[in-house]
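# Architecture and fold: a report
Chain by chain, the residues:
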Amino acid sequence: FLVLLDSASPLEQRRLLKTEHTKRLTEDKTSGPESIEALKNELHIQKQFLQDANERLALSNEELKSFNEEMQSMNEELQSTNEELETSREELQSVNEELSTVNAELQEKVTDLSRSNNDMNNLLAGTGIGTVFVDHALCIMRFTPAVTRIINLISSDMGRPVGHIVSNLAEYDTLVADIEAVLETLIPKELEVKTKNDRWYQMRIQPYRTLENVIEGAVISFVDITESVRLREELSKIQTTAHLATIVHDASDAISMHALDGSTLAWNPAAERLYGWSEEEALKLDITERIPISRRHEDVIKLEMLSKAEVIKPYATQRLSKKGSTIDITVTATALLDEEGKVYAISTTERPPPYQGAQVNTDWEAPHE
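Before going into details, it helps to say that this report is about the structure given with it. (Residues numbered from 1 in each chain as written. Predicted model: local features only at pLDDT ≥ 70, side-chain atom pairs only at ≥ 80, totals over all residues. Heavy atoms only, no water.)

For a regular strand, side-chain orientation follows a simple rule: the groups alternate between the two sheet faces. Sheet analysis places strand β7 (residues 254–259) next to strand β11 (residues 343–351), joined by 6 bridges and oriented antiparallel. Following the sheet pairing, Ile255 is matched in β11 by Thr349. Across 8 bridges, strand β10 (residues 326–337) lies against β11 in antiparallel orientation. Directly across from Thr332, in β11, lies its bridge partner Thr349. Where β10 hands over to β11, the hairpin turn is made up of 5 residues, of which Gly341 adopts a positive phi near 80°. (Pairing = 2+ DSSP bridges. Helix = DSSP H or I, 4+ residues; strand = E, 2+ residues; numbered from the N terminus.)

This part is about the nonpolar core. Of all hydrophobic cores here, the largest spans 25 residues; its most connected members are Val134, Leu175, Ile179, Ile220 and Phe222. Those elements that provide at least two residues to this core are β1 (130–134), β2 (140–143), α3 (175–185), β5 (200–209) and β6 (215–224). For Phe222, the contacting residues outside a window of four places in its chain are Ile129, Gly130, Val147, Ile150, Ile151, Val193, Tyr201, Gln202 and Met203. Judged by nonpolar contacts, the second largest core, of 19 residues, contains Ala282, Leu306, Ala333 and Ile346. (Core = buried A, V, L, I, M, F, W, Y, C linked by side-chain atoms within 4.5 Å. Buried < 20%, exposed > 50% of the residue type's maximum accessible area, 1.4 Å probe, protein only. Contact = heavy atoms within 4.5 Å.)

There is a patch of nonpolar side chains on the surface, built from Phe67, Met71, Met74 and Leu78 and spanning about 400 Å² of accessible area. With respect to the helices and strands, the residue Met74 is situated in helix α2 (residues 33–127). Accessibility expressed as a relative area gives 43% for Met74, which makes it partly exposed. (Patch = residues over 30% accessible without salt bridge, like charges linked within 9 Å, V, L, I, M, F, W, Y side chains within 5 Å. Areas by Shrake-Rupley, 256 points an atom, 1.4 Å probe, with all protein chains shown as cover. Salt bridge = Lys/Arg side-chain N within 4 Å of Asp/Glu carboxyl O.)

Remember that the coordinates give geometry; whether it matters functionally is a separate question.
Here you go:
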């Protein structure tokens, strides 16, 4: 068991006193004046208790009435607040619908932008044009894969100054200065550059303009023109050869060209007039067939020296004509070199005496610069 002892409240004390008093009256068999006096006291106590209870009840009623008024006022405020919240909810729902619409539009634009970005990346990668985008500080913003063959760029180079990156360009080190000049003048610049592996590129530097026509940097593009340069060089060689062919054709001296094995490769009209063989006939001849037997050994030695890129001075010798007669001539022989510096043919200029304007010398000398 658990027994708790606590002091009774005043109301409980009165009740207990009343119960005890009633018990004593019941137990007391006498009905004398003491009992009446006790009953009066008890009645007085009860009246006092009732009076206190009524006063407390009236006070509680007043408090309840005031509390009820406050609750009613609070209820009205809550009702007003609820109406405001309902209005705000409707507004938020409307804003949410607008945001949902804007979000859908933004998502569509993001999809379009992603598609455009993919198309642009595939276009730049497909064209094979190397492109680098830099800002005003010449820091790399973006680049295409093709440019890595020209400038040693990797993904981690984004944001680095372009001047800090090692390039494969040969004999060109003014890229930074050229970009700064374009940004200062806004005039595009074009020039041909060559890489260390002998590839040629058309480099173009131009300002980077936004749709609002704001300059935000520069664009450097490289277009491979190696084949064009080679064709241009070949065309130049062809033109040079054509000019030389014209000069050889119109020359008054007999000019011929022979391969290293002695076969005839070229024969000009002056040679036809001097020796009597037409060009078609001469192209079937070996050079030794036009040298008299008495001079053949000496002339062949000189031709062998020319085939080794040695230089010999003009010398006097003899040649046979188509009719078989011997003609005294002065020969100026030159070794023809290819791009690698190797002899591929021998050109001779032959004229009969007198040889004016030069001294004939039957000796030769070693090669010199």
